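Descriptive structure summary
Residues per chain are reported as follows:
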Amino acid sequence: MNLGFFFIPRHLLWILLAPPLMSVAGCDEAIYTSVMNEFCLQHFELEMEVLGKSLWCDWGDTAGFYTDVTNCTALVAAKLGCFWPNHLVDHLFIGIHKKYFRNCSVTGRLPADPPFPILCSLLFIPLLITLLMTALVVWRSKRSEGIV
């Protein structure tokens with residue numbers, strides 16, 4: 001009796017059934033995106049609007065909201081059986097950064113020019129030293145005494 005004959009249909013059955021079962025067990029990106037937008041993103045947007053546009057770049061005020069949206073996306077991914085982080089979460093955070101943190105600098109303050117007196121001293125002192133040294137070299141080159 002050939003036992004290999006009985007195993008071929010069973011393997012063929014698994015090959016036919018595995019792809020549909022894998023798609024059922026996988027992450028449904030459409031549902032994941034809608035749940036993320038409905039629960040995580042809307043809550044974050046409400047908190048940021050209450051905070052006010054003038055404080056969006058203050059990391060001390062926004063760090064809690066940012067942590068909440070990060071944890072929310074991770075919890076939603078765990079409940080729906082999705083991997084975290086993934087490209088959908090990346091797109092969500094890119095959108096958040098484009099909308100809320102686009103004009104923020106790394107330190108939390110916008111870069112600005114120094115006050116006028118400091119700017120003038122930083123520009124004119126090196127310029128005067130350069131002119132003075134050039135004049136000294138020209139003056140010394142015209143005097144030939146002491147040179148052998």
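The shown structure was predicted, so the numbers you read here are calculated from the model rather than taken from an experiment.

What follows concerns the overall build of the protein chain. Across its full length, the protein chain carries five helices and zero strands. When the elements of the protein chain are put in sequence order from the N terminus, they spell out α-α-α-α-α. Counting every position in the protein chain, which comprises 148 residues, the buried fraction comes to 20%. Within the protein chain, residue pairs in contact and separated by at least 24 positions form 66% of the contacts whose partners lie at least 6 positions apart.

Right, let's talk about the pattern of salt bridges for a bit. Following the criterion strictly, the structure yields one salt bridge and no others. In this structure, Lys99 and Glu45 form a salt bridge, with 3.7 Å as the shortest nitrogen-oxygen distance. In this pair, Lys99 sits in helix H4 (residues 87–100) while Glu45 sits in helix H2 (residues 29–51), placing the two residues 54 residues apart along the sequence. Accessibility expressed as a relative area gives 43% for Lys99, which makes it partly exposed. Residue Glu45 is classed as partly exposed on the basis of its relative accessible area of 24%.

Quick look at the environment of Phe93 now. By the element assignment, Phe93 lies in helix H4. You can call Phe93 buried: its relative accessible area is 12%. Setting aside chain neighbours within four positions, we find Phe93 in contact with Tyr66, Val69, Thr70 and Thr73.

This part takes up the packing of aromatic side chains. Counted by the stated rule, this structure contains five aromatic pairs. Ring centres 5.4 Å apart and planes at 55 degrees place the aromatic pair Tyr66 and Phe93 in the tilted group. On the criterion of sequence distance, the pair formed by Tyr66 in helix H3 (residues 59–80) and Phe93 in helix H4 is long-range, its members being 27 residues apart. For the pair shown, Tyr66 and Phe93 are each scored as buried. By way of ring pairs, the aromatic residues Trp59, Tyr66, Phe93 and Phe101 are connected into one cluster.

This paragraph deals with the state of the cysteines. Within the structure shown, the criterion is met by three disulfides. With its sulfur 1.8 Å from that of its partner, Cys27 forms a disulfide with Cys82. With the S-S bond torsion at 80 degrees, the cross-link from Cys27 to Cys82 turns out right-handed. Of this pair, Cys27 sits in the loop between helix H1 (4–25) and H2 while Cys82 sits in the loop between H3 and H4, and the two are 55 residues apart along the sequence. By relative accessible area, which is 31% here, Cys27 ends up partly exposed. Two residues share a disulfide in this structure: Cys40 and Cys72, whose sulfurs sit 2.0 Å from each other. Looking down the S-S bond of the Cys40 and Cys72 bridge, the torsion is -80 degrees, so its handedness is left-handed. Here Cys40 is found in helix H2, whereas its partner Cys72 is found in helix H3, with 32 residues between them in sequence. Here Cys40 matches Cys72 in class, with each residue buried.

About the thresholds
Residues numbered from 1 in each chain as written. Predicted model: local features only at pLDDT ≥ 70, side-chain atom pairs only at ≥ 80, totals over all residues. Heavy atoms only, no water. Helix = DSSP H or I, 4+ residues; strand = E, 2+ residues; numbered from the N terminus. Buried < 20%, exposed > 50% of the residue type's maximum accessible area, 1.4 Å probe, protein only. Contact = heavy atoms within 4.5 Å. Salt bridge = Lys/Arg side-chain N within 4 Å of Asp/Glu carboxyl O. Phe/Tyr/Trp six-rings, centres within 6.5 Å; stacked < 30°, edge-to-face > 60°. Disulfide = S-S within 2.5 Å.

So yeah, pure geometry; function would need other evidence.
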